[in-house]
Amino acid sequence: MEETPTDPELVEEGALPEEKVEPALAAEAEAEAVSPSDSDPAKKPKAWMAVLVVFLKLILLTPVYGVVAVAAFGAGIGWHYFEKSAALDISEVERLEVGALVRDMNGREIGRAGSMHRRLITREDIPVHFVDALVAAEDQRFFLHPGFDPVGSVRAAWANYRAQGIREGGSTLTQQLARDVYQLEGKDADRKLSEIAAAVRIEKQFSKDEILVHYLNRIYFGSGFYGLGSAAMGYFGKEPRELTVDESALICGVIPSPSRYSPLVSESLAMEYRDQTLRRMNESGTLSDEELEKFLAGATPVVKTREHLIERGQLRYLIARIEKELRASLDGLSVPVKSLDGLIIETSVDLDLQLEAAKLIDRHIKDLQGGNEGGQKDPTMSDDLEGAFVMIDNGSGRIVASIGSRDFFRSEYDRATEMTRPPGSAFLPFIYATAFETGAFTPESLVFDAPFDNREMGVGSIGGILGEWSTENPENRWEGHITASNALRYSKNSPTARLGLQVGLDPVRRLIRAAGIKSEVKEEPGSVLGGSEVTLTELTHAYTVFSNSGTPSPEPALIHEIHDAFGKPIPSPPSPHPQRAMSAKTADSVAACLALDVAGGIIKGKSGTTSSFTDVWYFGFNGEYTWGTWLGRDSYKPIKTLAYGSELARPLAEKIMAGKKSNDAAVPVAASEKQ
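Residues numbered from 1 in each chain as written. Predicted model: local features only at pLDDT ≥ 70, side-chain atom pairs only at ≥ 80, totals over all residues. Heavy atoms only, no water.

> How should I be thinking about the confidence of the model for the protein chain in this particular structure?
Atom-level detail of predicted coordinates should not be read off regions where pLDDT is low. Put simply, the protein chain has an average pLDDT of 82, and 75% of its residues get 70 or more. Overall, residues 1-39 carries pLDDT values under 50, and its contacts beyond four positions in sequence, including any with other chains, amount to 21 contacts. (pLDDT = per-residue confidence, 0-100. Contact = heavy atoms within 4.5 Å.)

Written out as structure tokens, the structure is:
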């Protein structure tokens, strides 16, 4: 009888036939069990180590057992993560926050606050070719796998290896959905296994069509578009059901890297991944060779005109402003509102005016940059010029329009509420109001217009234009004794400086506080000539005292009413009732000083220019509204040589107001006087 060798080295080298491995290992284990080493506790091997040795030998020596062992080990890990995923709330998949519906003063929808600007869709909204493109681009075995796809993962790994980079992802659509819903984090392997387990549970709960809808309502498509509804409208101005094949392919091509592949970010990359998706559709049989050639040869233009981008940016800006105000209002309630879902927000915004004003600001700045006749660009007018506009209802304080950025996608900085700048001569009405309130001055009082060394004021240059505190214009005329009314109407800085020093800063400070200006008034003489910084919104608000007979409007706000999901009003925290800032006589006197009889009627307003020509302003008012306009640069650089509010800001305000009907029939037009 042939003797069976039991030398471990022979076993490890594969010298034994496969059918004799097991008896050899058993014999070895038995020999170790009766070994003299057992008598020494210090040398006795631990049980788990013995099991591990046997397990490893089984894997190394027996292919069949190795496969079984690895499969069992993998199944154990999978079961562990699957059991762990039982703690997940599977209903979260369909519980997508829709946010609060926001409407303008005419009931027109502006958007939704608290919903990432989504436009929710149903299965019927998704065209067949979009599903074909999505599956071809992201998950070719979507309708076959149970949530994860080992075959697809291997294929993606091989494709990435051949491309020497990441060309395909290994996650299924369901895994991507799980990642988005549960915000899965952690190290790569741990997160991936948790993701797979969650995907399997999602597949057990929802049909493939339901998973598609949840996926397409959630994921990010770049450029601020969450969900297919938002992406289709944002990129192509269409509902999803209206998309063409190549448009669907372009949107699906964005998914792997939305911030890079968005056609609004890189048209070339968007087209490259559109073509990749089209080719995969062809490989999968959902696109014929003829269709493929046709689409590859053509362009897929997106809607990205300047006006479209401005309009979309303004909607985004308004929603951000309104959501901030909404959350602050709800936080003040005795019974907290936990979710914005289902709320209806009625605002005072005139959306048509908001959008048209934003376009006018952009065009106005472009015209200024156009420079000389013949379309030559003015070298002093670089592309960083910005503008802002605010309009307030005099009676309620409600904001009718608020534009804080020329292009919200380029800059989200809100220059209507966050930026503080010196208003220059736009501050003068409050100096004269303070003087009139004392009773020592009236609009007919004489003030002295003569050279005034501004070293006494601490601002501006020593000589030249705006140096001796003359009028805000290049002529720089001195007129001697003039009425206070004319000094204010024509921005005569020299007599105003003398008047301000005589009245004093403290009375001025008290008056403007009562008018609604919260920004600090610096303890320096130049503050009487607008040297202290304010926001556009607060100074516009302060100007309402001149229309309201001395009492400012309530605090500016965008939200008019908040309703719950059942239409029941949600009361807002009470706001303080505004107190009188000046007498009706004073307010009416100042308003009369600011009235100009020009072609088209009477206009009331005041422009402003800073001494360094960095900021220009215009504030106007009538019986219904008060509005303010600002132009300048974030860099504090001069707008241009001799930039005046009367020449730059006022015409812009007049263009905007020309399209807004008011109770005052006058339509502002450019006047010859420089203010």
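> Explain the side chain of S532 here, please?
Looking at the element boundaries, S532 is found in the loop between α20 (505-515) and α21 (536-543). Accessibility expressed as a relative area gives 7% for S532, which makes it buried. Only 2.8 Å separates the side chain of S532 from the backbone nitrogen of K522, close enough to count as a polar contact. Of note is the side chain of S532, whose polar atom sits 2.7 Å from the side chain of S527. What S532 contacts, discounting residues up to four positions off in sequence, is R421, P422, P423, E520, V521, K522 and S527. (Helix = DSSP H or I, 4+ residues; strand = E, 2+ residues; numbered from the N terminus. Buried < 20%, exposed > 50% of the residue type's maximum accessible area, 1.4 Å probe, protein only. Polar contact = N/O pair within 3.5 Å; in protein donor to acceptor, adjacent residues only side chain to side chain.)

> Would you mind showing me how to read the packing of aromatic side chains here?
Centre-to-centre distance and the angle between the planes together describe a pair of aromatic rings. Taken as a whole and assessed by the stated rule, the structure comprises 15 aromatic pairs. Plain terms: the ring middles of F430 and Y543 are 5.4 Å apart, the flat faces sit at 90 degrees to each other, and that makes the pair edge-to-face. With a gap of 113 residues between them, F430 in helix α17 (residues 428-438) and Y543 in helix α21 connect regions that are remote in the sequence. On the basis of an interplanar angle of 35 degrees and a centroid distance of 6.2 Å, the ring pair of F546 and F621 is categorised as tilted. With F546 in the loop between α21 and β8 (559-563) and F621 in strand β11 (residues 615-621), the pair connects residues that are 75 residues apart, well separated along the chain. Judged by its relative accessible area of 3%, F546 falls in the buried class. Pairwise contacts between aromatic rings join F427, F430, Y543, F546, W617, F619 and F621 into one cluster. (Phe/Tyr/Trp six-rings, centres within 6.5 Å; stacked < 30°, edge-to-face > 60°.)

> I keep staring at unusual backbone geometry and nothing clicks. Help me out?
A negative phi holds for most residues other than glycine; trans holds for most peptide bonds. Positive phi values are uncommon outside glycine, yet H117 reaches one of about 65 degrees. Inspection of the secondary structure puts H117 in the loop between β2 (109-113) and α5 (128-138). Although it is not a glycine, S223 sits at a positive phi angle of roughly 55 degrees.

> Can you help me understand α5 in this one?
Within an α-helix, residues lying three or four positions from one another point in the same direction, as the helix has 3.6 residues per turn. Here α5 lies mainly inside the structure; 9 of its 11 residues are buried. Among the residues of α5, those classed as buried are H129, F130, V131, A133, L134, V135, A136, A137 and E138.

> Please clarify how the packing of α5 against helix α11 (residues 245-254) should be interpreted in this entry.
Two packed helices can be described by the angle between their axes and the distance between those axes. As a packed pair, α5 and α11 sit with axes 9 Å apart at the nearest point and diverge in direction by 35 degrees. Judged by the twist between their axes, the crossing of α5 over α11 is right-handed. Residues H129, F130, A133, L134 and A137 of α5 lie in contact with α11, whose contacting residues are V245, S248, A249, I251 and C252. Considered class by class, the residues forming the contact of α5 with α11 number 8 nonpolar, 2 polar and no charged. (Axes fitted to C-alpha atoms, helices over the stretch in contact; angles between N-to-C directions. Left-handed = near helix turned anticlockwise from the far one by under 90°. Nonpolar A, V, L, I, M, F, W, Y, C, P; charged D, E, K, R; others polar.)

> Could you clarify how one ought to interpret the nonpolar core in this entry?
In globular proteins that are soluble, nonpolar side chains generally tend to be buried together. Counting 53 residues, the largest nonpolar core has F430, I512, L539, Y543 and F546 as its most contacted members. Breaking this core down by element, the ones donating at least two residues are β4 (385-393), α17, α18 (484-489), α19 (493-503), α20, α21, α22 (584-593) and β11. A total of 7 residues in this core trace back to one element, the largest contributor, which is α17. Leave out the neighbours within four places in its chain, and I512 touches F427, F430, I517 and V521. Formed by 47 residues, the second largest nonpolar core is a distinct cluster that contains A198, V213, F225 and L250. (Core = buried A, V, L, I, M, F, W, Y, C linked by side-chain atoms within 4.5 Å.)

> Got a minute to help me understand the sheet that holds β2 in this structure?
Backbone hydrogen bonds are what pair the strands of a sheet, in a parallel or an antiparallel way. With mixed pairing, 4 strands are arranged side by side in an open sheet as β2-β1-β3-β8. Every other strand in the sheet has two partners, leaving β2 and β8 as the edge strands with one partner each. Within this sheet the neighbouring strands show an average axis-to-axis angle of 20 degrees, counted without direction. In the sheet, strand β3 (residues 344-347) pairs with β8 via 4 bridges, with the strands oriented antiparallel. Residue T347 lies in a different strand from β8, and its bridge partner there is I559. (Pairing = 2+ DSSP bridges.)

> Sorry if this is basic, but what is going on with the pattern of salt bridges here?
Think of it this way: side chains of opposite charge can pair up when their charged atoms draw near. Under the criterion given, the structure shown has 32 salt bridges. One salt bridge connects D362 with R406, and the closest N-O pair in it is separated by 2.8 Å. With D362 in helix α16 (residues 351-370) and R406 in the loop between β5 (399-403) and α17, this pair connects stretches of sequence that are 44 residues apart. The same class applies to D362 and to R406, which are both buried. A salt bridge links E386 to R415, with the shortest nitrogen-to-oxygen separation between them at 3.6 Å. With E386 in strand β4 and R415 in the loop between β5 and α17, this residue pair connects regions lying 29 residues apart in the sequence. Across the pair, R415 and E386 agree in class, each one buried. (Salt bridge = Lys/Arg side-chain N within 4 Å of Asp/Glu carboxyl O.)

> I tried to follow a negative patch on the surface on my own but got confused; where do I start?
The grouping of D289, E290, E291 and E293 at the surface amounts to a negative patch. Take E291: it is sitting in helix α14 (residues 289-297). What makes E291 partly exposed here is its relative accessible area of 33%. (Patch = residues over 30% accessible without salt bridge, like charges linked within 9 Å, V, L, I, M, F, W, Y side chains within 5 Å. Areas by Shrake-Rupley, 256 points an atom, 1.4 Å probe, with all protein chains shown as cover. Lys, Arg positive; Asp, Glu negative; His and termini not counted. Charge placed at Lys NZ, Arg CZ, Asp CG, Glu CD.)

> For this particular structure, what's the right way to read the pairing of β11?
Along any regular strand the residues' side chains alternate between the sheet's two faces. Across the 7 residues of β11, 7 count as buried, placing the element largely inside the fold. Every second residue of β11 is oriented toward a common face, with D615, W617, F619 and F621 on one face and V616, Y618 and G620 on the other, all of them buried. Pairing geometry for strand β10 (residues 601-609) and β11, over 5 bridges, is antiparallel. Its bridge partner lying in β11, G608 is registered against W617. Hairpin connection between β10 and β11: a loop of 5 residues separates the two successive antiparallel strands, and F613 in this loop has a positive phi of roughly 60 degrees. Inspection of the sheet shows β11 paired to strand β12 (residues 625-633) by 7 bridges, in the antiparallel sense. When the bridges of β12 are listed, Y618 appears paired with T629. In this antiparallel pair of consecutive strands, β11 and β12, the connection spans 3 residues.

> Is there a simple way to think about the environment of L536 in this case?
Mapped onto the secondary structure, L536 falls in helix α21. Separated by 120 residues in the primary sequence, L536 and A416 have C-alpha atoms spaced 5.2 Å apart. Other than its neighbours up to four places away in sequence, L536 contacts A388, F389, V390, R415, A416, M419, W617, F619, G628, T629 and W630.

> Explain the packing of α5 against helix α13 (residues 267-284) to me, please; I cannot follow it from the model alone.
Where α5 meets α13, the axes come as close as 8 Å, and the angle between the chain directions of the two elements is 95 degrees. Compared by their axis directions, α5 and α13 come out roughly perpendicular. In this structure, α5 uses H129, D132, A133, A136 and A137 to contact α13, whose residues at the interface are T277, R280, M281 and S284. Taken together, the residues of the contact of α5 with α13 sort by class into 4 nonpolar, 3 polar and 2 charged. (Parallel < 35°, antiparallel > 145°, perpendicular 65-115°, else oblique.)

> Help me understand α21, please; the structure alone is not making it clear to me.
Taking burial as the measure, the 8 residues of α21 include 8 buried ones, the bulk of the element. Those residues of α21 that fall on the buried side of the exposure criterion are L536, T537, E538, L539, T540, H541, A542 and Y543. Buried residues belonging to α21 abut β4, α17, α20, β10, β11 and β12.

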